[in-house]
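Descriptive structure summary
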Protein chains: 2
Amino acid sequence: MTARTPDSARDIPEATVARLPVYLRALTGLAEGGTTTCSSEELAASAGVNSAKLRKDLSYLGSYGTRGVGYDVEYLRYQIAREIGVTQDWPVVIVGIGNLGHALANYSGFRSRGFRVVALLDADPDRHTDVVAGLEVRSFEDLETIVAEHDVSIGVIATPAVAAQSVADRMVASGITSILNFAPTVLSAPEGVDVRKVDLSIELQILAYHEQRKAGAIETEVLS
Amino acid sequence: MTARTPDSARDIPEATVARLPVYLRALTGLAEGGTTTCSSEELAASAGVNSAKLRKDLSYLGSYGTRGVGYDVEYLRYQIAREIGVTQDWPVVIVGIGNLGHALANYSGFRSRGFRVVALLDADPDRHTDVVAGLEVRSFEDLETIVAEHDVSIGVIATPAVAAQSVADRMVASGITSILNFAPTVLSAPEGVDVRKVDLSIELQILAYHEQRKAGAIETEVLS
DNA sequence: TAGATTGTTAATCGATTAACAATC
DNA sequence: TAGATTGTTAATCGATTAACAATC
C-alpha cells in the first residue's frame with residue numbers, strides 16, 4: 001500500500017502533457033548520444049526548459065529518478081512513452097493530399113513515434129491514381145470502411161478551409177475521436193472529440209508582432 | 001489627454017498575442033460573409049473562445065467597440081492587423097526545400113497575411129535547378145546576400161533536425177531576428193532573437209495521450 | 001559520512017472567468 | 001428612456017519557480 005497508485009496517472013495538467021513529448025524527444029537524443037544517466041539539470045537543458053519545471057512535471061507521473069544520482073535515460077524514456085501512449089501503435093488517416101498532406105504523409109517523425117498512416121484520402125478523383133509515401137491516394141468515400149477496418153481513432157485534416165468542417169463531421173460520424181486540423185479554420189466537434197489545430201500562419205504572425213516591437217524599440221532609440 | 005496613449009500597446013500578455021491572429025481570421029471570415037457589425041458574443045463564437053476572454057483581450061489594444069452596439073468588423077480587423085504588424089509586408093526566407101519546405105512555399109495563407117516569401121534556399125545542389133511556387137531554389141550560401149538585399153528579419157527552417165542549429169546560427173549571423181522552426185529539435189539563439197517551434201508529431205502525441213485515456217475509461221466501464 | 005540531486009512545498013505570477021457598472 | 005453590449009473589476013484558477021527537506 002504505497003502512496004503511488006499505478007493509475008494515479010489521472011489528472012496531469014495540460015501544460016505538462018504538452019511538454020512530455022518534448023522530454024521524450026530529448027531523452028531519445030541523449031540515448032542516441034550514448035548517455036545512460038542524466039540529472040534533471042541536463043535533461044532540462046536539452047529540452048529547453050528549467051529544471052524545476054521538469055522535476056515538477058515528472059512528479060505527476062511518479063518517482064522515476066534516484067536522489068543524488070538522476071534518471072536512467074532508457075527507463076524514463078519508456079515511462080514517458082507509456083504515459084503518453086506511444087508504446088502502442090496508432091493508426092492514422094490523412095484527408096486532403098495537397099502539398100501539406102503530401103508532406104505529412106512523408107513525414108518520418110510520425111512513424112518513428114508510434115503513428116502509422118494507414119490511408120490517404122482526397123475528394124479529388126484526379127488524385128486517386130497517385131501513390132504518395134508508398135500509399136495509394138483513395139476516395140474520401142472510403143473513410144468509413146478504412147476507419148472500421150483499421151480501428152482508426154485519429155484523423156488528420158489537411159484540406160482547404162472550406163472543406164474542413166464537413167470532413168471533420170464525417171470523421172466523427174465514422175468513429176474518429178481525435179482530430180488534428182491543419183486547415184485554417186475553427187472546427188466544432190461534439191463533446192468527447194478532441195480537436196487540436198496547427199496553424200502555420202498564426203505562428204508567423206506571433207513572430208511578426210514581436211518583430212514589430214523590436215523595430216519600434218530601435219526607432220525610439222534613434223529618435224531619442 | 002486621454003487615458004489611452006497610442007503606444008500603450010506596450011505589454012500585451014503572451015496568451016492574448018497568440019489569440020490576436022485567430023480574431024483576425026474570424027473577422028476576415030465575417031467580413032467576407034458580408035457582416036459589418038458584430039457583438040463580442042458573435043465574434044467569440046467564430047473564433048472559438050468565450051466572450052469574456054475576447055473582450056478582455058481586446059481591451060489591451062484599446063476601446064474599439066461601441067457599448068450597446070458591438071464592433072465594426074472592418075475597423076476592428078484593421079486595428080488588430082496593425083497591432084500584430086501585418087498591415088506591412090514581411091519578407092521571409094525558407095531554408096530546406098524538402099516536402100515540408102515545398103508545402104510552406106506554396107502555402108497561400110502566408111502571402112494573404114502579409115508575408116512574402118522572397119527566397120527558397122537548400123544546401124543540396126541537386127535542388128538548385130528546381131522552381132517551387134514560382135521561385136528558383138537557391139544555394140544556402142546566398143543567405144547573407146538575400147537577407148541584406150530584402151531586409152529579411154524572419155526565417156523559416158524546414159531542414160532535417162541535424163542541420164537546423166547551424167542554419168539558425170547562420171540566420172542569426174546574417175541579421176535575422178525571428179525564426180520559425182519546423183525541424184524537430186530545440187534551437188538555441190542569442191538574446192533578442194525570437195524562436196518559435198511548430199512540431200507536427202508533438203500535436204499528434206498530445207492527442208494520443210487523451211485518446212489513450214478515453215480508451216482507458218471505456219475499459220473501466222466495461223470491466224465494472 | 002559527505003556530496004549530490006530528487007521530489008515536494010509554498011510563494012508568486014499570469015490567465016481565465018463571471019459579474020456588472022458604464023454608456024451607447 | 002429602455003435595452004443592449006462594452007470595458008473593467010475582482011475572484012478564481014492553473015502554471016511557474018525557488019527553495020529545501022528527503023534520501024540516494
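Predicted model only: the values in this text are computed from it and were never measured.

On to the UniProt feature "domain: CoA-binding" (unreviewed entry) in chain A, then. The positions UniProt marks with the feature "domain: CoA-binding" (unreviewed entry) are residues 85-186 of chain A. The distance from the first to the last C-alpha atom of residues 85-186 of chain A is 27 Å, and the span holds 33% helix and 28% strand.

All names here are of chain A. Considering all chains together, one arrives at 22 salt bridges over all chains under this definition. One salt bridge in this structure joins E144 and R170, with 2.7 Å as the shortest N-O distance. Residue E144 is found in helix α7 (residues 143-150), and its partner R170 is found in helix α8 (residues 161-174); the two are separated by 26 residues along the sequence. Residue E144 is classed as partly exposed on the basis of its relative accessible area, which comes to 30%. The class for R170 is partly exposed, based on a relative accessible area of 25%. A salt bridge links K214 to E211; its shortest N-O distance comes to 3.3 Å. Of the two residues, K214 and E211 both sit in helix α9 (residues 200-223), 3 residues apart, roughly one turn of that helix. Residues participating in the shared-partner salt-bridge network are E141, E144 and R170.

Further remarks concern the nonpolar core. Core analysis: the biggest nonpolar cluster contains 105 residues, and I80(A) and I80(B) have the highest contact counts within it. Not counting residues within four places of it along the chain, the set of residues in contact with I80(B) comprises L20(B), Y23(B), L24(B), L27(B), L58(B) and L61(B).

Moving on to the protein's contact with DNA strand D. Taken together, 26 residues are adjacent to DNA strand D, and R19(A), R67(A), S40(B), K56(B) and Y71(B) come closest. Of what DNA strand D places within 4 Å of the protein, 66% of the atoms are sugar or phosphate. Between R19(A) and DNA strand D, the recorded distance is 2.7 Å, taken from a side-chain N or O atom to a phosphate oxygen. At 3.4 Å from a base nitrogen of DNA strand D is found a side-chain nitrogen or oxygen belonging to R55(A). Within the residue set of the surface near DNA strand D, elements represented by two or more residues are α1 (14-32) and α3 (51-59) of chain A together with α3 (51-59), β2 (65-66) and β3 (70-72) of chain B. Counting residues per element, the surface near DNA strand D draws most heavily on α3(A), which supplies 4 residues. Counted by class, the surface near DNA strand D contains 6 nonpolar, 11 polar and 9 charged residues.

Right, let's talk about the packing of aromatic side chains for a bit. Residue and element names in this part refer to chain B. Overall, the coordinates contain 4 aromatic pairs over all chains when judged by the stated rule. An angle of 90° between the planes, with centres 4.9 Å apart, marks the rings of Y107 and F110 as edge-to-face. The class of F110 is buried, set by a relative accessible area of 2%.

Our next topic: the relation of the copies chain B and chain A. Relative to chain A, chain B is turned by 180° and slid 0.0 Å along the rotation axis, the superposed coordinates differing by an RMSD of 0.0 Å. A rotation of that kind, with that shift, is consistent with a two-fold axis.

Another point: the protein's contact with DNA strand C. In the vicinity of DNA strand C lie 26 residues, with S40(A), K56(A), Y71(A), R19(B) and R67(B) positioned nearest. Close to the protein, within 4 Å, the atoms of DNA strand C belong to sugar or phosphate groups at a rate of 63%. Contributions of two or more residues to the surface near DNA strand C are made by α3, β2 (65-66) and β3 (70-72) of chain A together with α1 (14-32) and α3 of chain B. The biggest single contributor to the surface near DNA strand C is α3(B), with 4 residues. Its residues placed into classes, the surface near DNA strand C shows 6 nonpolar, 11 polar and 9 charged.

A few words now on the UniProt feature "binding site: NAD(+)" (unreviewed entry) in chain A. The sites that carry the UniProt feature "binding site: NAD(+)" (unreviewed entry) are, in the present numbering, G96(A), I97(A), G98(A), N99(A), L100(A) and G101(A). Note that N99(A) resides in helix α5 (residues 99-106). For N99(A), a relative accessible area of 38% gives the class partly exposed. Apart from residues no more than four positions distant in its own chain, N99(A) is found in contact with H102(B), A103(B) and N106(B). Mapped onto the fold, L100(A) is located in helix α5. Classification of L100(A) as buried rests on a relative accessible area of 16%. When neighbours within four sequence positions are excluded, L100(A) is seen to be in contact with F182(A), L100(B) and A103(B).

Summarising the element assignment, H102(A) is placed in helix α5. Each C-alpha atom, one on H102(A) and one on V132(A), is 6.8 Å from the other, the two residues being 30 residues apart in sequence.

With domains assigned, chain A is organised as domain 1 (14-84) and domain 2 (90-202). Relative placement of domain 1 of chain A and domain 2 of chain A: their C-alpha centres are 31 Å apart.

Residue and element names in this part refer to chain A. By the element assignment, N181 lies in strand β9 (residues 178-181). A distance of 3.1 Å separates a polar atom in the side chain of N181 from the backbone oxygen of T185. Excluding residues that lie within four positions of it along the chain, N181 makes contacts with I157, A164, L187, R196, K197 and V198.

What follows covers the interface of chain B and chain A. Listed per partner, the contact involves 64 residues of chain B and 64 residues of chain A. Here chain B meets chain A over a buried area of about 5,600 Å², counting both sides, of which 64% is carbon and sulfur. Looking at the side of chain B facing chain A, the largest losses of area belong to L204(B), Q205(B) and L207(B), adding up to 12% of the total buried there. Among the salt bridges present, the one from D199(A) reaches R25(B), with a minimum N-O distance of 2.0 Å. Summed over the shared surface of chain B and chain A, the number is 23 residue pairs in polar contact (both at pLDDT 80 or more). Of all the elements, helix α9 (residues 200-223) of chain B adds the most residues to the side of chain B that touches chain A, at 15 residues. Its residues assigned to classes, the side of chain B that touches chain A comprises 33 nonpolar, 16 polar and 15 charged.

Cut-offs and rules
- Residues numbered from 1 in each chain as written.
- Chains lettered and ligands numbered in written order.
- Predicted model: local features only at pLDDT ≥ 70, side-chain atom pairs only at ≥ 80, totals over all residues.
- Heavy atoms only, no water.
- UniProt positions renumbered as here; feature names shortened; annotations may be inferred.
- Helix = DSSP H or I, 4+ residues; strand = E, 2+ residues; numbered from the N terminus.
- Salt bridge = Lys/Arg side-chain N within 4 Å of Asp/Glu carboxyl O.
- Buried < 20%, exposed > 50% of the residue type's maximum accessible area, 1.4 Å probe, protein only.
- Core = buried A, V, L, I, M, F, W, Y, C linked by side-chain atoms within 4.5 Å.
- Contact = heavy atoms within 4.5 Å.
- Near = heavy atom within 4 Å.
- Polar contact = N/O pair within 3.5 Å; in protein donor to acceptor, adjacent residues only side chain to side chain.
- Nonpolar A, V, L, I, M, F, W, Y, C, P; charged D, E, K, R; others polar.
- Phe/Tyr/Trp six-rings, centres within 6.5 Å; stacked < 30°, edge-to-face > 60°.
- Least-squares fit on C-alpha atoms with pLDDT ≥ 70 in both.
- Domains from an automatic or database assignment.
- Buried area = accessible area lost by both parts, 1.4 Å probe.

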